[in-house]
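Observations on the three-dimensional arrangement
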Amino acid sequence: METKNYHEDLSHIRSMMERSSRFISLSGLSGVVAGLAALIGAAYVYFVFKREGIDYFEGERNFFAPALVKELTFIGTVILLVAVFSGYIFTAHKSKKKGLKIWDATTKRLLMTFAVPLLAGGVFCLALLFHHLFVWIAPTTLIFYGLALVSAERYTLTDVKYLGYCEIILGLFSLFFLGWGLVFWSVGFGILHIVYGLIMHKKYK
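Definitions and limits used
- Residues numbered from 1 in each chain as written.
- Predicted model: local features only at pLDDT ≥ 70, side-chain atom pairs only at ≥ 80, totals over all residues.
- Heavy atoms only, no water.
- Helix = DSSP H or I, 4+ residues; strand = E, 2+ residues; numbered from the N terminus.
- Buried < 20%, exposed > 50% of the residue type's maximum accessible area, 1.4 Å probe, protein only.
- Axes fitted to C-alpha atoms, helices over the stretch in contact; angles between N-to-C directions.
- Parallel < 35°, antiparallel > 145°, perpendicular 65-115°, else oblique.
- Contact = heavy atoms within 4.5 Å.
- Salt bridge = Lys/Arg side-chain N within 4 Å of Asp/Glu carboxyl O.
- Left-handed = near helix turned anticlockwise from the far one by under 90°.
- Nonpolar A, V, L, I, M, F, W, Y, C, P; charged D, E, K, R; others polar.
- Phe/Tyr/Trp six-rings, centres within 6.5 Å; stacked < 30°, edge-to-face > 60°.
- Expected span 1.5 Å × (residues − 1).
- Bend = angle between axes of the 7 residues up to and from the residue.
- Core = buried A, V, L, I, M, F, W, Y, C linked by side-chain atoms within 4.5 Å.
- Arc of directions from axis to C-beta.

1. Brief notes about the overall build of the protein chain
Within the protein chain, the regular secondary structure consists of seven helices and zero strands. Shown N-terminal to C-terminal, the secondary structure of the protein chain runs as helices and strands in the order α-α-α-α-α-α-α. Residues counted as buried form 39% of the 205 residues belonging to the protein chain.

Structure, rendered in structure tokens:
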């Protein structure tokens, strides 16, 4: 009996330490919703291309006019906001269910660690837009997003880093296929998020 209580105490202490040092309320469902939003956005963009008379899959490198890029940037921003909002809703619900605070010192450290590479990537993308180097934006966003995930793993679920590695690899691979950003975005922000979200939901539900 004493041995059993000893192991239970160790398990409880380990759980308390994990809760104090890692943000463990990330919801897998938020990843699924973010992925679905990305795929819906990609489908909408494809129809925008059709409207503009662009055959995206004609087999040639695709380069777009600045006006079209601005419209695509706006669509991407809307998708990002939907993903962030849904992520907050699902995560807040999971935190409440587990009796955890969604905003504490660990959350602040997580956001800071995540934000540094993400903001650096954002500024880099703005520079690419400024210089009309549009085809480099997709690889850049995937790579910096992956770096942000790997960096944030220190303060949240360890599994996050694997999604980060996949995003980085996909971004590097896309460097050799400039002009196909929509395809790589769909895979990186759509399919990978859905797969990751389903795995996390099953593993940590």
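From this point, the discussion proceeds with the structure in view.
2. Thoughts on the packing of helix 4 (residues 105–130) against helix 5 (residues 137–152)
Look at helix 4 against helix 5: their axes get within 8 Å of each other, and the N-to-C directions meet at 170°. Judged by the angle between their axes, helix 4 and helix 5 are roughly antiparallel. Along its contact with helix 4, which presents Leu110, Thr113, Phe114, Pro117, Leu118, Ala120, Gly121, Phe124, Cys125, Leu128 and Leu129, the element helix 5 presents Ile137, Thr140, Thr141, Phe144, Tyr145, Leu147, Ala148, Leu149, Ser151 and Ala152.

3. What to know about the pattern of salt bridges
A full pass over the atoms with the stated rule returns two salt bridges. Where Glu52 meets Arg51, a salt bridge forms, and the shortest distance between an N and an O atom there is 2.8 Å. Arg51 serves as the salt-bridge partner of Glu71, at 2.8 Å between the closest nitrogen and oxygen. Residue Glu71 is located in helix 3 (residues 66–98), and its partner Arg51 is located in helix 2 (residues 28–51); the two are separated by 20 residues in the primary sequence. On the basis of relative accessibility, which here comes to 24%, the residue Glu71 falls in the partly exposed class. Taken together, the shared-partner salt bridges in this structure form one network comprising Arg51, Glu52 and Glu71.

4. Overview of the packing of helix 5 against helix 6 (residues 160–174)
Here helix 5 crosses helix 6 at 160°, and the two axes come no closer than 7 Å. Relative to helix 6, the element helix 5 is oriented roughly antiparallel. Helix-helix and strand crossings are classified by hand; for helix 5 and helix 6 the assignment is left-handed. Within the contact between the two elements, helix 5 uses Pro139, Leu142, Ile143, Tyr145, Gly146, Leu147, Leu149 and Val150 and helix 6 uses Val160, Lys161, Leu163, Gly164, Tyr165, Glu167, Ile168, Leu170, Gly171, Leu172 and Ser174. Of the residues contributing to the contact of helix 5 with helix 6, the split by class is 13 nonpolar, four polar and two charged.

5. Some remarks on the packing of aromatic side chains
This model, assessed by the stated rule, comprises eight aromatic pairs. Ring plane angle 70° and centroid distance 5.9 Å describe the contact between Tyr46 and Phe47, whose orientation is recorded as edge-to-face. Relative to Phe144, the ring of Phe124 lies with its centre 6.1 Å away and its plane at 35°, an arrangement referred to as tilted. Taken together, the residues span a long stretch of sequence, with Phe124 in helix 4 and Phe144 in helix 5 at a distance of 20 residues. Judged by its relative accessible area of 22%, Phe144 is partly exposed. One aromatic cluster in this structure is built from Phe114, Tyr145 and Phe189.

6. Examining helix 4
In this model helix 4 runs 37 Å from its N-terminal to its C-terminal C-alpha over 26 residues, within 8% of the 38 Å that 1.5 Å per residue would give. At Ala115, helix 4 shows its largest kink, close to 30°, and the proline Pro117 lies no more than four residues downstream. Turning to helix 4, its buried residues number three or more, namely Thr106, Thr107, Leu110, Thr113, Pro117, Gly121, Cys125 and Leu128.

7. A short note on the nonpolar core
Core analysis: the biggest nonpolar cluster contains 24 residues, and Val45, Phe49 and Leu182 have the highest contact counts within it. Mapped onto this core, the elements with two or more residues apiece are helix 2, helix 3, helix 5, helix 6 and helix 7 (181–204). For this core, the element with the highest residue contribution is helix 2, accounting for six residues. Residue contacts for Val45: discarding those within four places in its chain leaves Leu72, Ile75 and Leu182.

8. Notes on helix 6
Its 15 residues place the ends of helix 6 21 Å apart at the C-alpha level, agreeing with the 21 Å of an ideal helix rising 1.5 Å per residue. When helix 6 is considered as a whole, its buried residues turn out to be Val160, Leu163, Gly164, Glu167, Ile168, Leu170, Gly171 and Ser174. Buried positions in helix 6, seen along its axis, are confined to an arc of 165° and lie on one side of it.

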